[in-house]
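# Commentary on secondary and tertiary structure
Spelled out from the first residue to the last, the chains are:
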Amino acid sequence: MKDLKIYIYRDSDNKDLTKILSWFLKILPETTLGTHDVQFAWEMTLMSKADLSSFSEISQVETKYFLIILGLLERVNSGSICLNLDTDLDFFEFLFSKVEVEFPFAFDVKELVKDFERLMQNQLELIENKNKLRENNENAEKNKLESAEIGIKVDRQQFLFPSKPMIYEDFCLYLEKHYLLREKMKKKIYHRLQKEVVRDWSGNLNDLFLQSEDAQNSLNDDQKLAVHRALEQPFSIITGGAGTGKTTVIKSIVNIYNKMNETNSFVPKIALAAPTGKAANRMEQIIRAQSGQEIPPEQRPRTIHRLLVYMQKANAFYHHRNNPLDYDLLIIDESSMVDTQLLDSVLEAAKKIKHIVLVGDANQLPPVKSDSIFFELVQNFKNNKSSALVTVLKKSYRQRLEDKGKGRNIYQVAEKMKKWDGTQNLYSDAPLAKEDTLDFDEFIKVRNELKMIKYEGVEQIVEQKLIPTILFQWWELFVKPLFDFILTEKIILSENGEIIISEKLEKVYHKLVENCVLCITNGGKTGRKYINSIFHHFYLEHLKNLQNNNELQVEKFNLNQKFLHGEPVIVKNNDYYRNIFNGDVGITIEVEIQEKKTDDKFEQEKKQMVVFQYHNGFKVFPFDKIRENLDLAWAVTVHKSQGSEFKNTVLILPPKETSLSSRQLLYTALTRAKQSALIIGKKQIIKKSLQNNQLKSSINLN
């Protein structure tokens with residue numbers, strides 16, 4: 001930050017601008033922006049000086065220009081593909097609400113946008129004048145081609161900043177790379193939709209449904225429609241909230257597609273993929289649990305990067321337009337986490353694929369610092385003549401009457417947040433004595449005291465000073481009882497070098513990962529790092545007490561390690577060599593290993609390891625080999641929790657408003673839980689977050 005300030009002050013003679021920048025850097029942690037974003041906006045502003053020279057109040061216009069570019073970068077980081085100057089004014093209102101030092105001059109949001117429009121008109125006229133001069137040049141045709149190659153398209157609807165990577169069109173400001181990628185994506189989707197699907201089977205799809213136990217016994221009407229569309233169209237989308245049976249539909253699509261070809265010589269080639277390893281593993285676990293059968297190796301879910309075969313040294317994919325994927329059916333789960341660039345790479349390599357099916361929850365968080373392409377596609381297809389491409393699964397299996405006050409409450413509150421327009425009431429005025437009635441499932445239950453928390457449905461504690469006490473209660477209730485198992489378990493390696501996982505250790509693993517504390521930020525007193533340090537302290541003190549009392553033979557464990565025996569850890573980055581992925585959760589353990597010291601003698605040696613669950617059991621890795629790729633996982637960010645499902649969660653809100661918190665973040669956090677979701681934070685923060693809608697459609701596929 002200090003280096004950035006020096007760099008910026010050195011390169012600017014605009015005192016007004018440097019004063020505002022100095023103020024802005026103070027609130028930077030409360031936004032989605034980073035110092036690299038500020039530097040980019042600054043450099044673009046400096047490059048604009050020549051274009052701004054016709055304005056008498058250049059100092060003010062330059063400052064507004066800087067703020068507009070910051071607004072664009074904030075929208076991009078929040079998941080939008082552009083800054084819509086007609087509707088996306090929340091960021092600027094947030095900025096001006098944070099003003100603690102007076103701006104050098106007065107202006108409001110509307111004036112900011114109006115002046116930027118005037119600036120665009122002025123620059124557009126300059127470009128048009130330059131083009132007229134160019135047309136008089138003897139090399140006019142050559143220059144015109146060169147302009148087309150760099151993306152300059154001059155008309156009243158679109159404008160590419162001269163020598164700057166931004167495009168302005170129809171009140172929307174884009175980064176050039178996003179605009180051009182969006183246009184390329186539209187062409188690929190249209191091309192795919194023009195394809196006529198050649199059926200690889202004879203007979204009627206309805207007949208196959210009648211023969212399928214899946215369709216007869218478990219699919220509702222929306223799910224059956226989703227299967228029909230997936231197997232009859234070259235491109236389709238299936239979207240639905242938590243508990244609507246999206247993975248059940250995936251399993252049915254695969255089963256019926258395989259059944260189509262049982263009597264033919266044609267063997268279908270099916271690929272299942274997801275954006276993360278955790279999501280791919282979860283898809284496989286659910287399909288195996290529902291079907292009771294192993295998935296054929298060639299159809300096992302994998303990451304999109306593995307599907308396309310990412311080559312790290314070349315920073316490119318092995319499969320592309322000239323080396324396409326060789327499959328008949330491709331299904332991508334958790335598609336809300338796929339960004340435009342990655343989806344474009346899939347479509348680029350998919351010309352041989354007959355059916356592409358995107359599956360996900362369109363209302364979840366968009367990919368980190370990327371656009372929400374899945375939401376954009378759903379909105380566009382639902383609202384035009386291509387609506388038959390999208391199937392919305394409406395029935396939630398968490399709406400069962402027996403889940404009253406638990407899963408049903410979570411579902412109804414999440415649905416209310418998803419459709420938030422400012423008029424809904426999240427809190428009931430009815431007395432708490434009536435909360436066992438069905439109607440109470442629509443509301444968040446506010447608990448004024450710690451002893452009132454039931455860990456059922458959606459509850460809220462507004463006093464953040466109670467965070468350490470609540471976390472200790474959580475520790476005592478959900479975590480501490482597990483360690484009587486793991487601390488008394490002797491873990492050894494078998495003769496072939498594989499760990500022997502007992503039923504006790506397996507139980508601890510499943511119990512430990514079924515409850516989770518969720519944070520919005522990484523830093524601060526409500527952030528992931530600090531909350532993890534609290535739990536680490538709880539566990540360390542528990543071990544010390546046991547050691548001092550000579551209980552459970554705790555003295556055998558090393559208490560001076562960064563990660564203690566039994567602590568949950570999360571993988572930070574994909575590790576394709578070891579087949580562990582960003583978001584995977586494991587447990588650190590100390591293992592006794594027999595090492596041969598002499599010809600006739602073996603000695604026991606303790607070694608720290610990390611155990612992860614896979615589709616076919618557990619795998620263990622030496623801690624030293626992956627320690628730099630691990631973080632504690634008592635608490636994780638909401639972004640990291642995507643693709644996971646927990647029994648109980650705690651969501652810790654920041655103490656004050658931040659643009660990091662949004663409607664989609666609250667919705668995603670709530671829908672991770674099946675039984676209880678406890679929110680710690682102020683009602684005002686929830687309200688402000690709901691007003692921050694990060695999913696706004698900007699792609700027009702008409």
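Look above for the structure.
Here is a short report on the structure shown in this document. (Residues numbered from 1 in each chain as written. Predicted model: local features only at pLDDT ≥ 70, side-chain atom pairs only at ≥ 80, totals over all residues. Heavy atoms only, no water.)

### What about the nonpolar core?
- If you look at the biggest cluster of nonpolar residues, it comprises 49 residues, and the most contacted ones within it are Leu471, Val517, Ile531, Phe535, Phe612, Leu630 and Trp634.
- If we skip the residues at most four places from it in the chain, leucine 471 touches Val517, Ile531, Ile534, Phe535, Phe538 and Ile652.
- In terms of nonpolar packing, the next biggest core, distinct from the first, is built from 34 residues, Ile237, Leu308, Leu325 and Val346 among them. (Core = buried A, V, L, I, M, F, W, Y, C linked by side-chain atoms within 4.5 Å. Buried < 20%, exposed > 50% of the residue type's maximum accessible area, 1.4 Å probe, protein only. Contact = heavy atoms within 4.5 Å.)

### Here we look at the packing of helix α19 (residues 467-479) against helix α22 (residues 528-548)
- Contact geometry of α19 with α22 gives a least axis separation of 11 Å together with a crossing angle of 50°. Classified by the interaxial angle, the pair formed by α19 and α22 is oblique. Of the two elements, α19 crosses α22, and the hand of that crossing is right-handed. Of the residues in α22, those in contact with Ile467, Pro468, Leu471, Phe472, Trp474 and Trp475 of α19 are Ile531, Ile534, Phe535, Phe538, Tyr539 and His542.
- Of the residues that constitute the contact of α19 with α22, the class distribution is 11 nonpolar, 1 polar and no charged. (Axes fitted to C-alpha atoms, helices over the stretch in contact; angles between N-to-C directions. Helix = DSSP H or I, 4+ residues; strand = E, 2+ residues; numbered from the N terminus. Parallel < 35°, antiparallel > 145°, perpendicular 65-115°, else oblique. Left-handed = near helix turned anticlockwise from the far one by under 90°. Nonpolar A, V, L, I, M, F, W, Y, C, P; charged D, E, K, R; others polar.)

### A closer look at the packing of aromatic side chains
- The tally for this structure, following the rule as stated, stands at 15 aromatic pairs.
- Here the aromatic rings of tryptophan 475 and phenylalanine 538 are separated by 6.3 Å at their centres, their planes lie at 45°, and the arrangement is tilted. Residue tryptophan 475 is located in helix α19, and its partner phenylalanine 538 is located in helix α22; the two are separated by 63 residues in the primary sequence. Taken as a pair, tryptophan 475 and phenylalanine 538 share a single burial class, namely buried.
- When the centroid spacing of 5.9 Å and the interplanar angle of 70° are considered together, the rings of tryptophan 475 and tryptophan 634 count as edge-to-face. Linking tryptophan 475 in helix α19 with tryptophan 634 in the loop between β20 (630-632) and β21 (635-637), this pair joins segments that are 159 residues apart in sequence. Across the pair, exposure class does not vary: tryptophan 475 and tryptophan 634 are buried alike. (Phe/Tyr/Trp six-rings, centres within 6.5 Å; stacked < 30°, edge-to-face > 60°.)

### Remarks on the sheet that holds strand β10 (residues 329-332)
- Taken in spatial order, the 6 strands of this open sheet run β7-β6-β10-β11-β5-β12, and their pairing is parallel. Unpaired on one side and paired on the other, β7 (302-303) and β12 (390-393) mark the two borders of the sheet.
- Each of β5 (235-240), β10, β11 (355-360) and β12 is contacted by helix α12 (residues 221-232), which is oriented at about 155° to β12, the strand it contacts most. (Pairing = 2+ DSSP bridges.)

### Here we look at the environment of proline 165
- Its location among the elements puts proline 165 in the loop between β2 (158-160) and β3 (166-169).
- Sequence spacing of proline 165 and leucine 175 is 10 residues, and the spatial spacing of their C-alpha atoms is 5.9 Å.
- Other than its neighbours up to four places away in sequence, proline 165 contacts Phe40, Met44, Tyr174, Leu175 and Glu176.

### Focus on the sheet that holds strand β22 (residues 646-652)
- Reading across the sheet, the 6 strands line up as β13-β14-β23-β22-β15-β21 and stay open at both edges, with parallel pairing between neighbours. The sheet terminates laterally at β13 (445-446) and β21, the two strands that pair on one side only.
- In this fold helix α18 (residues 407-418) packs onto β13, β14 (457-461) and β23 (673-680), with an angle of close to 60° to the strand it touches most, β23.

### Remarks on the packing of helix α13 (residues 246-260) against helix α14 (residues 277-291)
- Look at α13 against α14: their axes get within 10 Å of each other, and the N-to-C directions meet at 70°. For the element pair α13 / α14, the angle class is roughly perpendicular. As for how α13 packs across α14, the hand of that crossing is right-handed. Every residue of α14 that contacts α13 at Thr247, Thr248, Ile250 and Lys251 is listed here: Met283, Ile286, Ile287, Gln290 and Ser291.
- By residue class, the composition of the contact of α13 with α14 is 4 nonpolar, 4 polar and 1 charged.

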